[in-house]
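Notes for the structure review
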Amino acid sequence: MRPYLQLETSEYIYRKFTQDIPEEELVWHRDENDREIEILETTNWMFQFDNELPQVLKDKVFIPKEVYHRLIKGTGTLNVRIKEY
């Protein structure tokens with residue numbers, strides 16, 4: 001089971017991460033494709049690339065394929081829109 005709810009359209013993937021997700025489910029991982037993540041609501045959730053300091057999620061984040069990264073849980077709900085390339 002995934003740690004988020006997902007809705008896919010022909011152009012985007014929408015994901016919702018709720019505050020009740022156990023932190024241990026937000027693991028380091030890498031994706032097969034380049035992705036652009038757009039944050040749909042203000043939040044204090046954070047994002048971290050391997051060997052970099054965590055950053056507060058705001059606006060957009062570009063994630064190159066095969067680069068390790070993870071989410072760091074904040075308060076409230078995180079809603080994102082993903083564009084895969």
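For the structure, check the block above.
Read on for an overview of the structure. (Residues numbered from 1 in each chain as written. Predicted model: local features only at pLDDT ≥ 70, side-chain atom pairs only at ≥ 80, totals over all residues. Heavy atoms only, no water.)

**Remarks on the overall build of the protein chain**
Rules: The way it works is that DSSP assigns letters per residue, a run of H or I at least four long becomes a helix, a run of E at least two long becomes a strand, and they are numbered from the N terminus. The size measure is the radius of gyration over C-alpha atoms, and the globule rule it meets is 2.2 Å times the number of residues to the 0.38 power. Exposure categories follow from relative accessible area, calculated using a 1.4 Å probe and restricted to protein chains: below 20% of the type maximum is buried, above 50% is exposed, and the middle band is partly exposed. Any pair of residues with heavy atoms lying within 4.5 Å of one another is described as a contacting pair. Areas reported here follow the Shrake-Rupley algorithm with a probe of radius 1.4 Å; residue values treat only the protein chains shown as occluding. The positive count covers Lys and Arg only, the negative count covers Asp and Glu only, and His and the chain ends enter neither. The atom standing in for a charge is NZ when the residue is Lys, CZ when it is Arg, CG when it is Asp and CD when it is Glu.
Secondary structure assignment for the protein chain yields zero helices and eight strands. Whereas a compact globule of 85 residues would reach a radius of gyration of roughly 12 Å, the protein chain reaches 12 Å, a difference of no more than 12%. Each principal axis of the C-alpha atoms in the protein chain carries an extent, and together these give about 30 × 30 × 25 Å. Per-residue burial over the protein chain gives 32% buried out of 85 residues. Relative to all contacts within the protein chain whose residues are 6 or more apart in sequence, the contacts with residues 24 or more apart total 64%. Within the structure as shown, the protein chain displays about 5,800 Å² of accessible surface, and the carbon and sulfur contribution to it stands at 47%. Counting 12 positive and 17 negative side-chain charges, the protein chain places the centres of these two groups 2 Å from one another.

**So, the pairing of strand β2 (residues 13-17)**
Rule in force here: Here the rule is simple: two strands pair whenever DSSP picks up at least two bridges between them.
Residues of β2 alternate between two faces, with I13, R15 and F17 buried on one and Y14 and K16 left unburied on the opposite face. Bridging between strand β1 (residues 5-8) and β2 involves four bridges; their strand directions are antiparallel. Note on β2: the bridge partner recorded for Q6 is R15. Of the pairings in the sheet, the one linking β2 to strand β8 (residues 78-84) comprises five bridges and is antiparallel in character. By the bridge assignment for β8, F17 is matched with L78.

**Some points on the pattern of salt bridges**
Basically, it comes down to this: Take a side-chain nitrogen of Lys or Arg and a carboxyl oxygen of Asp or Glu: if they are within 4 Å of each other, that pair is a salt bridge.
Inspection of every chain in the model, using the stated rule, returns five salt bridges. In this structure, the salt-bridge partner of E36 is K60, at a minimum N-O distance of 3.9 Å. Remark: K60 occurs in strand β6 (residues 60-63) and E36 occurs in strand β3 (residues 35-39); sequence separation between them is 24 residues. Among the residues examined, E36 registers a relative accessible area of 25% and is labelled partly exposed. Counted as one network, the salt bridges with shared partners bring together D31, R35 and E84.

**A closer look at the packing of aromatic side chains**
The test is simple: In this analysis, rings of Phe, Tyr and Trp, with Trp reduced to its six-membered ring, are considered paired at centre separations within 6.5 Å, and the interplanar angle assigns stacked below 30 degrees, edge-to-face beyond 60, and tilted for intermediate values. Placement of a positive charge over a ring is assigned whenever Lys NZ or Arg CZ falls within 6 Å of the ring centre and within 35 degrees of the normal to the ring plane.
One pass over the full model with this rule turns up four aromatic pairs. On the numbers, 4.8 Å between centres and 85° between planes, the contact of F47 with F49 is edge-to-face. Classification of F47 by relative accessible area gives buried; the value is 4%. One aromatic cluster is present, built from ring pairs that chain together Y4, F17 and W45. Over the aromatic face of Y12 sits the side chain of R81, whose NZ or CZ is 4.5 Å from the ring centroid. The side chain of K83 reaches across the aromatic face of Y12, ending 5.7 Å from its centre.

From the geometry alone we can't say anything about function, so treat these as descriptive.
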